[in-house]
Amino acid sequence: MNRPFPTFLEIDLNALEANFLHLKEKLAPKTKFLAVIKAFAYGSAAAVVAEKLESLNVDYFAVAYTQEGAALRKAGVKKPIMILHPQVQCLEQIIDHCLEPCIYNFEVLKAFLAEAQLKKQRKYPVHIKFNTGLNRLGFQDDQAQAVAKVFDRQDVLYITSLLSHLAASEDPEEKEFTINQVRKFESINDQFIASLGYQPIRHLCNTSGILNYPEAHFDMVRSGIGLYGFSNDPEKHAGLKPIASLKTHISQIHHVPSGESVGYNRGHVCTEAQSIAVVPIGHADGIGRQYGKGKGQMMVNGQKAPIVGNVCMDMIMLDVTGIACSEGDLVEVFGQHQTAEELAEGAGTISYELITGVSSRVPRVVLP
Ligand SMILES: *Cc1c(COP(=O)(O)O)cnc(C)c1O
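Residues numbered from 1 in each chain as written. Predicted model: local features only at pLDDT ≥ 70, side-chain atom pairs only at ≥ 80, totals over all residues. Heavy atoms only, no water.

### What about the packing of aromatic side chains?
Stated precisely, the cut-off is as follows: What counts as a ring pair is set by centres within 6.5 Å for rings of Phe, Tyr and Trp (its six-membered ring), and what kind of pair is set by the plane angle: stacked under 30 degrees, edge-to-face over 60, tilted for all other angles. Segments assigned H or I by DSSP are reported as helices when at least four residues long, segments assigned E as strands when at least two residues long, and all are numbered from the N terminus. Throughout, exposure labels follow a simple rule: accessible area from a 1.4 Å probe, protein chains only, divided by the maximum for the residue type, with under 20% read as buried, over 50% as exposed, and the rest as partly exposed.
Under the definition given, this model contains nine aromatic pairs. A ring pair is formed by Phe112 and Tyr124, whose centres lie 5.5 Å apart and whose planes are at 65°; its orientation type is edge-to-face. You can see Phe112 sitting in helix H6 (residues 106–118) and its partner Tyr124 sitting in strand E6 (residues 124–129), a full twelve residues away along the chain. We note that Phe112, like Tyr124, is buried. Seen from their ring centres, Phe185 and Phe218 are 5.1 Å apart, and the 80° between their planes marks the pair as edge-to-face. In this pair, Phe185 sits in helix H8 (residues 175–196) while Phe218 sits in the loop between helix H9 (207–212) and strand E9 (220–223), placing the two residues 33 residues apart along the sequence. With a relative accessible area of 14%, Phe218 lands in the buried category.

Structural data, given as structure tokens:
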């Protein structure tokens, strides 16, 4: 295979399509699908991911911040884009780029209403988020009537959807807590629509919610990690395929005698003669120091090569003793042979952190 760059993140849109269809199969035919493409589509390539999902007729997109949504509009994305965490200083840009804020408190609600009035909007779509137990963003349940009242007296804004977010949908031990969140969401919705007079789209589930709580899909689901090939539960990965593979290659191999050390601070001391391969990827590319000293490994010609010593900014050293390999050989950091989840686990973190952390220095290569 010809290699375009020394280190690159390969994006497989066929895997994305398969994941999307696999998740969609879990839904009732009328349930809408919102694709979460925040943080550059979980570190992959937001514009191409969005384009692919639009071609598959996804219903909605969501990103965390306004600038992410504005960038997608500039890239030509046409479907509705929800901004999960709008900031008051960005509200004008939201309207300018036809983005839809997810409103979580009265400050943002009042400021956005004022901005929409100023820009002479009518029935501008907004989403209202309630806190049902995560205690992150959202109105409290006892504010439901007061929120609905704001919409009583104007038609500048229109509530397209009502949402909340689950705290522990991946954890079977927290089933009771999660079911309580589902009930709370239902009761807030009932109170809310009694005052509002119409039923917005209801949505609560993230990827693990989709897989573990089919009774809580409501009118729409929001999937991020599942689209990228993970699900928080290895058993449920079946049918999902990672879309991103991080690849690098061997720059140099040293045969280091016993007693010598490798890398900064002499982070590794050889207790026997070892073959050490240097790869052009480091913490500036998103493989942090927590992967050093054997906590992480990379796949060299199908075999696991542990990271030795400290991770440098631009380089990592691997123990390739006993592995048939040469300078120039391809190395998989994560992908088909070792998933991002497996690599992350060894360093005490999760796939979400590893895949979203691949830095902008690493070129994204979309497979044909
Ligand atoms: C990030 C996010 C999601 C996506 O969650 P996954 O576990 O990646 O599917 C859904 N909803 C909200 C509010 C989020 O912030």
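### Some thoughts on the environment of Pro200
How we decide: In this analysis, two residues are considered to be in contact whenever any of their non-hydrogen atoms come within 4.5 Å of each other.
Along the chain, Pro200 falls in the loop between H8 and strand E8 (201–203). Linking Pro200 and Thr160, residues 40 residues apart in sequence, is a C-alpha distance of 5.2 Å. Contact partners of Pro200, with chain neighbours within four places excluded, come to Ile159, Thr160, Ser161, Leu162, Ile193 and Asp219.

### Focus on the side chain of Thr178
Summarising the element assignment, Thr178 is placed in helix H8. Beyond its immediate sequence surroundings of up to four residues, Thr178 is in contact with Leu166, Ala168, Ser169 and Tyr213.

### Concerning the nonpolar core
To keep it simple, the criterion reads: Put simply, buried Ala, Val, Leu, Ile, Met, Phe, Trp, Tyr and Cys residues joined by side-chain atoms within 4.5 Å make one nonpolar core.
Residues Ile37, Leu53 and Leu318 are the most contacted members of the largest nonpolar core, which totals 110 residues. Those residues in contact with Leu53 that lie beyond four places of it in its chain are Leu16, Phe20, Ala35, Ile37, Val58, Phe61 and Leu227. Judged by nonpolar contacts, the second largest core, of eight residues, contains Val256, Val278, Cys312 and Met317.

### Comments concerning the domain arrangement of the protein
Filter applied, for reference: Note that the domain bounds reflect an automated or database-derived domain assignment. Joining two parts hides part of their accessible area as seen by a 1.4 Å probe, and the buried area is that hidden amount summed over both. Salt-bridge detection follows one rule: a side-chain nitrogen of Lys or Arg within 4 Å of a carboxyl oxygen of Asp or Glu. Contacts described as polar in this section are N or O atom pairs within 3.5 Å, which, within protein, must combine one atom able to donate a hydrogen with one able to accept it, while residues neighboring in sequence count only if both atoms come from side chains. Amino acids outside the nonpolar list (Ala, Val, Leu, Ile, Met, Phe, Trp, Tyr, Cys, Pro) and the charged list (Asp, Glu, Lys, Arg) are all regarded as polar, and Gly is one of them.
Here the protein is partitioned into domain 1 (31–229) and domain 2 (244–366). Centre-to-centre, using C-alpha coordinates, domain 1 lies 38 Å away from domain 2. With eight residues of domain 1 in contact, the opposing surface of domain 2 contributes six residues. Carbon and sulfur atoms supply 67% of the area that domain 1 and domain 2 bury against each other, a total of about 640 Å² over both sides. Interface area lost by domain 1 to domain 2 is led by Tyr42, Gly43 and Ile225, which between them contribute 60%. On the surface where domain 1 and domain 2 come into contact, there are zero salt bridges. Across the contact surface, domain 1 and domain 2 share two residue pairs in polar contact (both at pLDDT 80 or more). Among the elements that line the side of domain 1 that touches domain 2, the one with the most residues is helix H2 (residues 38–43), at three residues. Split into classes, the residues belonging to the side of domain 1 that touches domain 2 amount to six nonpolar, two polar and no charged.

### Remarks on H6
To be explicit about the condition: Expected helix span is given by 1.5 Å per residue-to-residue step, counting one fewer step than there are residues. Directions drawn from the helix axis to the C-beta atoms are what define this arc.
Between the first and last C-alpha of H6 there are 18 Å, a value that for 13 residues agrees with the 18 Å anticipated at 1.5 Å per step. Among all positions of H6, only Val108, Leu109, Phe112, Leu113, Glu115 and Ala116 are buried. What you see down the axis of H6 is that its buried residues fit within an arc of 165°, all on one side. Seen from the buried face of H6, the exposed residues on the opposite side, beyond 90 degrees, are Glu107, Lys110 and Leu118. Considering only its buried residues, H6 is in contact with helix H5 (91–96), strand E5 (100–103), E6, helix H7 (144–152) and strand E7 (157–163). Positive backbone phi, approximately 55°, marks Lys120, located one or two places after H6.

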